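Here are the chains, one letter per residue:
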There are 2 protein chains.
Amino acid sequence: MNEKKRIPKSAVSRLSLYLREIQRLEKDGRDRVSSTELGEFTDLTDAQVRKDLSYFGNFGTSGSGYEIATLKASLRKILGKGAMWPIVLVGVGNIGSALLRYPGFKHEGFVIKEAYDVDRNKIGVRYDELVVKDVADINKNEKGKAAKIAIIAVPEKAAQDVADILVKSNVKCILNFAPVVLKVPEGVTVRNIDLSTELENFSFLLSFSK
Amino acid sequence: MNEKKRIPKSAVSRLSLYLREIQRLEKDGRDRVSSTELGEFTDLTDAQVRKDLSYFGNFGTSGSGYEIATLKASLRKILGKGAMWPIVLVGVGNIGSALLRYPGFKHEGFVIKEAYDVDRNKIGVRYDELVVKDVADINKNEKGKAAKIAIIAVPEKAAQDVADILVKSNVKCILNFAPVVLKVPEGVTVRNIDLSTELENFSFLLSFSK
DNA sequence: CTTACTTCGTGACTTATTTCACGAAGGCGG
DNA sequence: CCGCCTTCGTGAAATAAGTCACGAAGTAAG
Ligand SMILES: NC(=O)c1ccc[n+]([C@@H]2O[C@H](COP(=O)([O-])OP(=O)(O)OC[C@H]3O[C@@H](n4cnc5c(N)ncnc54)[C@H](O)[C@@H]3O)[C@@H](O)[C@H]2O)c1
Ligand SMILES: NC(=O)c1ccc[n+]([C@@H]2O[C@H](COP(=O)([O-])OP(=O)(O)OC[C@H]3O[C@@H](n4cnc5c(N)ncnc54)[C@H](O)[C@@H]3O)[C@@H](O)[C@H]2O)c1
């Protein structure tokens, strides 16, 4: 076990894949899995799988691999999947409403608890138990049960302002769909979903490869 | 200029950011920019900016930085942004329809030319000039103007099958929203948009930092 | 209990990426 | 034309990430 060593940033994302796979295996009735097999499922080498897991503990047994029930419990713990994480969403347009309609998040331990927009046509709309609120009221988040995770799905021009407000209301993690590099203080983490950039990676590849 | 050296994978994504920023600057009437400034906008070091650009050419001028018009033209060329890239979309659900409604792609040089679904309620629906077709007819893509880029926005269980079909119809790049690791032959590139994994990175961070 | 086989955990090594830091230009004021 | 300032391009150094390969530990069969 390697409690001390630096953990590569991408290792956490891979942990997420491992967890997903072993949950699938568990559903299929499997109860053990080897690093080789897990590697095949996730398109990684067996060594990568073992090393990633070893950053967090000794989950395996020489000769017989990993017990699924145990590994699952450990990975869930590491990834913070004990509780239901509340999320605040800002921008209920194309993307925002797609997220609100997606039932998968609840099963994954995430729930969009609040959603905000500026558009009076959006405000008041109900999605399941949630009603879209006016973004002007967002600071009411500040007082109570404050979500630490936010999703920004507003137009590019509004994104930085929204981020600033979210940071003030104590959000620590932002998933940003707007095509902007957000400026946030230390201690706040931003991850970008940047579809144009993804596509440009493709057009780059395609233009070069012939 | 460094035509020979291996280019870090992430450099291409950063090029995309640089291009976006200088286009913004151009709109603001600016005509030159330095690596330092570009670094500030993109949250990178000046050295990183210069090194990334230097993989592709000598775009700058000592003492006065980069001329925006020139750099923009070069980056657009590198990223393959001369033509309009046709895209095929499979799965017109929450995500798929959000993509179809997004006008931004056209401005970026990408256009969803075909969209497929299995659901008869989706088939036949019109989005602008596009009409959703039956996924059973997807191989008709095979003959003609075949898109090289595809987006998969179907449920997890269907994703691998769809990927196999797309690969057969000569798609070379797949943007995958389904939470699965797709198996594709060499020469085909997959990039995943994996929202659960993104959120699990957050829950990991939040559970550890206190 | 012993042998043969499997599979983990990990230090050492390799490869990839980023950062540093400096020489060489280019611009500008005098 | 000269010094001074700015900013590039880039090898060299540093850091980060991934792969290798092997000892140790487990399993299973006879
Ligand atoms: N839809 C896509 O496929 C797609 C693709 C790539 C990038 N994006 C990016 O994702 C973001 C959202 O895209 P979209 O298609 O959902 O946009 P959209 O225009 O459909 O929705 C944006 C929503 O944000 C709301 N809004 C605007 N300013 C606001 C503010 N200050 N506070 C709160 N709400 C505000 C608008 O009323 C609207 O409902 C954009 O930045 C877009 O560039 C979207
Ligand atoms: N919506 C979200 O916010 C969200 C979040 C995370 C992940 N995802 C993932 O993105 C994917 C799409 O999500 P969604 O919410 O849009 O799902 P959705 O159920 O709304 O839409 C899926 C669409 O795919 C169609 N489909 C099913 N099988 C098909 C097939 N074989 N060929 C063609 N079409 C087929 C369905 O008819 C449906 O229209 C899923 O894999 C989901 O797990 C979505």
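Residues numbered from 1 in each chain as written. Chains lettered and ligands numbered in written order. Predicted model: local features only at pLDDT ≥ 70, side-chain atom pairs only at ≥ 80, totals over all residues. Heavy atoms only, no water.

## Considerations on the overall build of chain A
The line we're drawing: Strands are runs of DSSP state E lasting at least two residues, helices are runs of H or I lasting at least four, and both sets are numbered from the N terminus onward. Residue contacts follow a heavy-atom distance rule, with two residues in contact if any of their heavy atoms lie within 4.5 Å. Values of accessible area rely on a 1.4 Å probe in the Shrake-Rupley scheme; residue burial ignores everything except the protein chains shown.
A tally of helices and strands in chain A yields 8 helices and 11 strands. Across its three principal directions, the C-alpha atoms of chain A cover 60 × 50 × 35 Å. Here the contacts in chain A between residues at least 6 apart in sequence split such that 56% fall between residues at least 24 apart. As displayed, chain A has an accessible area near 10,700 Å², and 51% of this comes from carbon and sulfur atoms.

## A closer look at the interface of chain B and chain A
Applicable threshold: Put simply, buried area is the surface a 1.4 Å probe can reach on two separate parts but cannot reach once they are joined, added for both. Salt bridge, as applied in this entry: a Lys or Arg side-chain nitrogen positioned within 4 Å of an Asp or Glu carboxyl oxygen. In protein, a polar contact requires one atom able to donate a hydrogen and another able to accept it; more generally it is a pair of N or O atoms within 3.5 Å, and residues adjacent in sequence count only if both atoms are side-chain atoms. Three classes are used: nonpolar for Ala, Val, Leu, Ile, Met, Phe, Trp, Tyr, Cys and Pro, charged for Asp, Glu, Lys and Arg, and polar for all others, with Gly counted as polar.
If you look at the interface, chain B gives 58 residues, while chain A gives 58 residues. Three residues stand out in chain B for area buried against chain A, namely Leu199(B), Glu200(B) and Phe202(B), and they jointly supply 12% of the buried area on that side. The interface formed by chain B and chain A includes 8 salt bridges. In this structure, Glu200(B) and Lys81(A) form a salt bridge, with 2.4 Å as the shortest nitrogen-oxygen distance. The interface formed by chain B and chain A includes 26 residue pairs in polar contact (both at pLDDT 80 or more). Ranked by residues supplied to the side of chain B that touches chain A, first place goes to helix H8 (residues 195-208) of chain B with 14 residues. Grouping the constituent residues of the side of chain B that touches chain A by class yields 31 nonpolar, 11 polar and 16 charged.

## Examining the domain arrangement of chain A
Stated precisely, the cut-off is as follows: An automatic or database domain assignment provides the domain bounds reported here.
Entries for chain A in the domain assignment read domain 1 (3-78) and domain 2 (85-197). A straight line from the C-alpha centre of domain 1 of chain A to that of domain 2 of chain A covers 31 Å.

## Focus: the pattern of salt bridges
Note the cut-off: Burial classes follow relative accessibility: with a 1.4 Å probe on protein chains only, a residue under 20% of its type's maximum area counts as buried, one over 50% as exposed, and anything between as partly exposed.
In this structure the tally under the stated criterion is 24 salt bridges over all chains. Across the pair Asp128(A) and Lys106(A) runs a salt bridge whose closest N-O atoms are separated by 3.5 Å. You can see Asp128(A) sitting in the loop between strand S6 (126-127) and strand S7 (130-131) and its partner Lys106(A) sitting in helix H6 (residues 104-107), a full 22 residues away along the chain. For Asp128(A), a relative accessible area of 54% corresponds to the exposed category. Using a relative accessible area of 40% as the deciding quantity, one classes Lys106(A) as partly exposed. Notably, a salt bridge pairs Glu198(A) with Arg191(B), separated by 2.4 Å at the nearest N-O pair. Residue Glu198(A) is found in helix H8 (residues 195-208), and its partner Arg191(B) is found in strand S11 (residues 189-192); the two belong to separate chains. Through salt bridges that share partners, Glu21(A), Arg24(A) and Glu156(B) make up one connected network.

## Some details on the relation of the copies chain B and chain A
Rule in force here: The fit set for superposing copies consists of C-alpha atoms from residues with pLDDT of at least 70 in both; the fit itself is least squares.
Note on the identical chains: chain B maps onto chain A by a rotation of 180 degrees and an axial translation of 0.0 Å, with an RMSD of 0.0 Å. Interpreted geometrically, this transformation is the action of a two-fold axis. Comparing interface residues between copies, 100% of those in chain B also sit at the interface in chain A, which points to an isologous, same-surface contact.

## Description of the sheet that holds strand S3 (residues 65-67) of chain A
Residues and elements named next belong to chain A. Put simply, the rule reads: Two strands form a pair only when DSSP identifies at least two bridges running between them. Under this scheme, a helix contributes an axis fitted over its contacting stretch, all axes are lines through C-alpha atoms, and angles between N-to-C directions fall in the 0 to 180 degree range.
Judged by pairing direction, the sheet is antiparallel, and its 3 strands sit side by side in the order S1-S3-S2 without closing on themselves. What marks the edges here is a single partner per strand, and that holds for strand S1 (32-33) and strand S2 (60-61). Looking at chain direction, S1 and S3 are connected through 2 bridges and run antiparallel. Within S3, the residue paired with Val33 across the bridge is Tyr66. Against the sheet, helix H4 (residues 68-78) engages S1 and S3, with an angle of about 75 degrees to S3.

## As for the sheet that holds strand S4 (residues 85-90) of chain B
Residue and element names in this part refer to chain B. Taken in spatial order, the 6 strands of this open sheet run S8-S5-S4-S9-S10-S11, and their pairing is parallel. Looking at which strands have only one partner, the edges of the open sheet turn out to be strand S8 (133-134) and S11. Alignment of strand S10 (residues 173-176) against S11, held across 4 bridges, turns out to be parallel. If you follow Cys173 over to S11, its bridge partner there is Thr189.

## Brief notes about the site of ligand 1
Test applied: When at least one non-hydrogen atom of a residue lies within 4 Å of a molecule or strand, that residue is treated as near it.
Lining the immediate surroundings of ligand 1 are 25 residues, of which Ile95(A), Asp117(A), Lys122(A), Val154(A) and Tyr102(B) lie closest. At the site occupied by ligand 1, nearby residues are drawn from chains A and B. With respect to ligand 1, the backbone of Ile95(A) contributes an N or O atom lying 2.8 Å from an oxygen atom. Here an oxygen atom of ligand 1 and a side-chain polar atom of Lys122(A) are 2.8 Å apart. Protein coverage of the free-state accessible area of ligand 1, which is 820 Å², stands at 84%. Elements supplying a minimum of two residues to the shell around ligand 1: helix H5 (94-101) and helix H7 (156-168) of chain A together with helix H5 (94-101) of chain B.

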